[in-house]
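Architecture and fold: a report
Residue strings, one per chain:
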Amino acid sequence: MIGYYIHHHGLGHLHRALCIARHARTPVTGLSSLDPPADWPGPWVRLPLDTGGRAVADPGAQGRLHWAPLFHDGYTDRMSLLAGWLGSTRPSLLVSDVSVEVACLARLMGVPVVVAAMRGRRLDPAHRLGHDIALRLLAPWPAAVPEPGWPPHWYDKTIYASAFSRNDGRIRAPLPRDGARRVLLMLGAGGSGIDAAQVRAARAATPRWRWDLLGGPGGAWSADPWPRICAADVVVTHGGQNAVAECAAARRPTVVLPQERPFGEQHATGRALRDAGLAVVREQWPRPEQWPSVLDEAAALDGDAWARWAPGDGALRAARALDALAGAPGAS
């Protein structure tokens, strides 16, 4: 059995876990405060939330952890349930995506841990602890584009799965043949920092482009954005791992606008994409007069170059690596 801890902020952690669990030979139990997806292939343990309630005290444990508040019922109940599951189930492996505290709990109970790697500034004491105790780090990006500045021993134990998406292997619909130039603005569930006035100004400045809005201000969210991604000549999105991976799976030219996230994760992803020549990256929302050239620059990109970032079998490779660590028969 593999236990897979899935953080409840946004949906990116859940999408990654589902992609991997579908391919795993070893049974995978989801551990999360989120509801299980309808097509989750194994057991699911619903965890209490560790937020809300009484005011938190010393959540960072004197700077050594990220979230371990004192005397917080939700946090204590959460960790107690996890500890009970670890003790009764005795999993072969625990994947943490992503919590330093959960990784430490599993390791202290004698369960080997794989930590989902994330880009950005991860050299603080808590990240160092979580990465150091991990048996392996699982990176959803290619080895050719490593995250700079890591200690050497982190690189040595990293599984480079490349980027992967729930849409890998899905048939890509051809672009509409009506002559219109389409741009899809795709924003995520974790907040965008972009307001409706900025979107209106961008649309007004680009009359040759037909805008479609997915999430964010003025756009309804869709559980399946794939058809709209495939219909776009250019996708404009944030720098989250899953949004980028979905654009890569569709092989669509992309503008990446990194949003502010803890530890500068999206800006680090943007730098990696820019250095690899895979996307047009702007650190801030462009001014209205800049949008025509930004979209034209992106439209000139070769969408097939995304194969270097997301070859299409990343989730399978991640699952096979976890199977091997968990001792699954036939895994290599």
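We now turn to the structure provided with this report.

About the criteria used
Throughout this description, residue numbers start from 1 for each chain and increase along the sequence as written. Side-chain atom pairs in this predicted model are given and counted only at pLDDT of 80 or more, local residue features only at pLDDT of at least 70, and totals for whole chains, interfaces and linings cover all residues. The basis for every side-chain value is the complete set of non-hydrogen atoms in the structure, without hydrogens or water. Numbered from the N terminus, helices here are DSSP runs of H or I no shorter than four residues, and strands are runs of E no shorter than two. Note on exposure labels: buried denotes an accessible area under 20% of the residue type's maximum, exposed denotes more than 50%, and partly exposed covers the range between, all computed with a 1.4 Å probe on protein chains only. When checking whether two residues touch, look at their non-hydrogen atoms; a contact exists if any pair is within 4.5 Å. Following DSSP output, two strands are said to pair if at least two bridges run between them. Cysteine sulfur pairs qualify as disulfides if the two atoms are within 2.5 Å. Under the convention used throughout, the expected extent of a helix is 1.5 Å for every residue step, that is, one less than its residue count. Note on definitions: salt bridges are taken to be side-chain nitrogens of Lys or Arg within 4 Å of carboxyl oxygens of Asp or Glu.

1. A closer look at the environment of D168
Take D168: it is sitting in the loop between β7 (158-160) and β8 (181-186). Judged by relative accessible area, D168 falls into the partly exposed class, the value being 23%. Remark: the alpha-carbon pair of D168 and H267, spanning 99 residues in sequence, is separated by 24 Å. Setting aside chain neighbours within four positions, we find D168 in contact with A163, A249 and G312.

2. Notes on the sheet that holds strand β10 (residues 234-237)
One open sheet holds the 5 strands; their spatial order is β9-β8-β10-β11-β12, and the pairing between them is parallel. Either end of the sheet is taken by a strand with one partner, and the two such strands are β9 (209-214) and β12 (280-281). Sheet analysis places β8 next to β10, joined by 4 bridges and oriented parallel. Counterpart to L185 in the pairing with β10 is V236.

3. A closer look at the state of the cysteines
In this structure the tally under the stated criterion is 0 disulfides. In this structure C247 is not part of a disulfide, and its nearest cysteine sulfur, from C230, lies 10 Å away. Relative accessible area serves as the criterion here: at 0%, C247 is assigned to the buried category.

4. Let's talk about helix α1 (residues 12-23)
Compared with an ideal rise of 1.5 Å per residue, which puts 12 residues at 16 Å, α1 spans 18 Å between its outermost C-alpha atoms and is within 8% of the ideal. Counted residue by residue, α1 has 9 buried out of 12 residues, so it is predominantly covered. Restricting attention to buried positions, one finds in α1 the residues H13, L14, H15, R16, A17, L18, C19, I20 and A21.

5. Thoughts on the pattern of salt bridges
Counted under the stated rule, the structure contains 18 salt bridges. For the salt bridge of D97 with R16, the shortest nitrogen-to-oxygen distance reads 3.1 Å. Within this pair, whereas D97 is found in strand β4 (residues 93-97), its partner R16 is found in helix α1, the two being separated by 81 residues in sequence. For R46, the salt bridge is made with D35, and the minimal N-O distance between the two is 2.4 Å. Of the two residues, R46 sits in strand β3 (residues 44-46) while D35 sits in the loop between β2 (28-32) and β3, which places them 11 residues apart along the sequence. By relative accessible area, which is 48% here, R46 ends up partly exposed. Three or more residues joined by partner-sharing salt bridges are found here, namely D178, R182 and R210.

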